[in-house]
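Report on the structure
Listed below, chain by chain, are the residues.
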Amino acid sequence: MDVLVAAFRSSEGASRQLLLAALDSRLTLLLTVPLVLEYEAVLTRPESLQALSRTSAKISSVLDALTACGHPVKLRFHWRPQLPDPDDEMVLEAAVNGGADLVVTFDLRHFESPAKNFGVQAVLPRDAFLILRGRGSYEKE
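Small disclaimer: the values here were computed from a predicted structure and weren't measured. (Residues numbered from 1 in each chain as written. Predicted model: local features only at pLDDT ≥ 70, side-chain atom pairs only at ≥ 80, totals over all residues. Heavy atoms only, no water.)

1. Quick look at the packing of aromatic side chains
Summed over all chains, the structure comprises 2 aromatic pairs. Taken together, the aromatic side chains of Phe77, Trp79 and Phe118 make up a single cluster linked through ring pairs. (Phe/Tyr/Trp six-rings, centres within 6.5 Å; stacked < 30°, edge-to-face > 60°.)

Spelled out as structure tokens, the structure:
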């Protein structure tokens, strides 16, 4: 969630570049129904709309585009609790159930160890962007 919010907040950062890469199908965005509903709920809160200088219609338009190009993941297993924030659990569940290589987050402190337990590497947006551009690497365990 934090990366998506950052993508809307700044047109200059790695988060925005990752959002654009997902929309251009240059990276695979794993999505579950609960995750998309959470994105919508958080991003269309009045305080979020004001902070992001966006309308609800614009947010919905971008989320519709992400949903159209994203890869749907069926949640077959739940391993809760793994993370301190219950809302973050759906991100990890999407990654694990979808066979992700990476979870992109600003919250490495909470995601790094639990993600690693499932063979998924947690990385910052800038590192994911470098990997996408071929200037970085990750090791799949």
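2. Here's the deal with the pattern of salt bridges
Where side chains of opposite charge bring their charged atoms close, a pairing between them can arise. If you walk through the whole model with that rule in mind, you get 3 salt bridges. In this structure, Arg126 engages Asp127 in a salt bridge whose closest nitrogen and oxygen atoms are separated by 3.8 Å. Classification of Arg126 by relative accessible area gives exposed; the value is 53%. (Salt bridge = Lys/Arg side-chain N within 4 Å of Asp/Glu carboxyl O. Buried < 20%, exposed > 50% of the residue type's maximum accessible area, 1.4 Å probe, protein only.)

3. Some words on empty space enclosed by the protein
Here the idea is plain: a probe the size of a water molecule rolls over the atoms and shows the empty space left. Enumeration according to the criterion identifies 1 cavity of 30 Å³ or more in this entry. Within this model, the largest cavity holds a volume of roughly 30 Å³. In terms of lining residues, the largest cavity is bounded by Trp79, Gln82, Glu89, Leu92, Glu93, Val96 and Phe118. Among the residues making up the lining of the largest cavity, the classes are represented as 4 nonpolar, 1 polar and 2 charged. (1 Å grid on protein atoms, 1.4 Å probe; cavity = no way out; pocket = protein on both sides within 12 Å on 5 of 7 lines; lining within 4 Å. Points joined across faces, edges and corners; volume = space filled by probe spheres on them. Nonpolar A, V, L, I, M, F, W, Y, C, P; charged D, E, K, R; others polar.)

4. Considerations on unusual backbone geometry
Note the cis peptide between Arg80 and Pro81, where omega equals -5°. Looking at where Pro81 falls in the secondary structure, it is placed in the loop between strand E2 (71-72) and helix H6 (89-97). Even without a glycine there, the phi angle at Ser25 is positive, about 60°. Of note, the phi angle at Ser53 is positive, near 55°, even though the residue is not glycine. (Helix = DSSP H or I, 4+ residues; strand = E, 2+ residues; numbered from the N terminus.)

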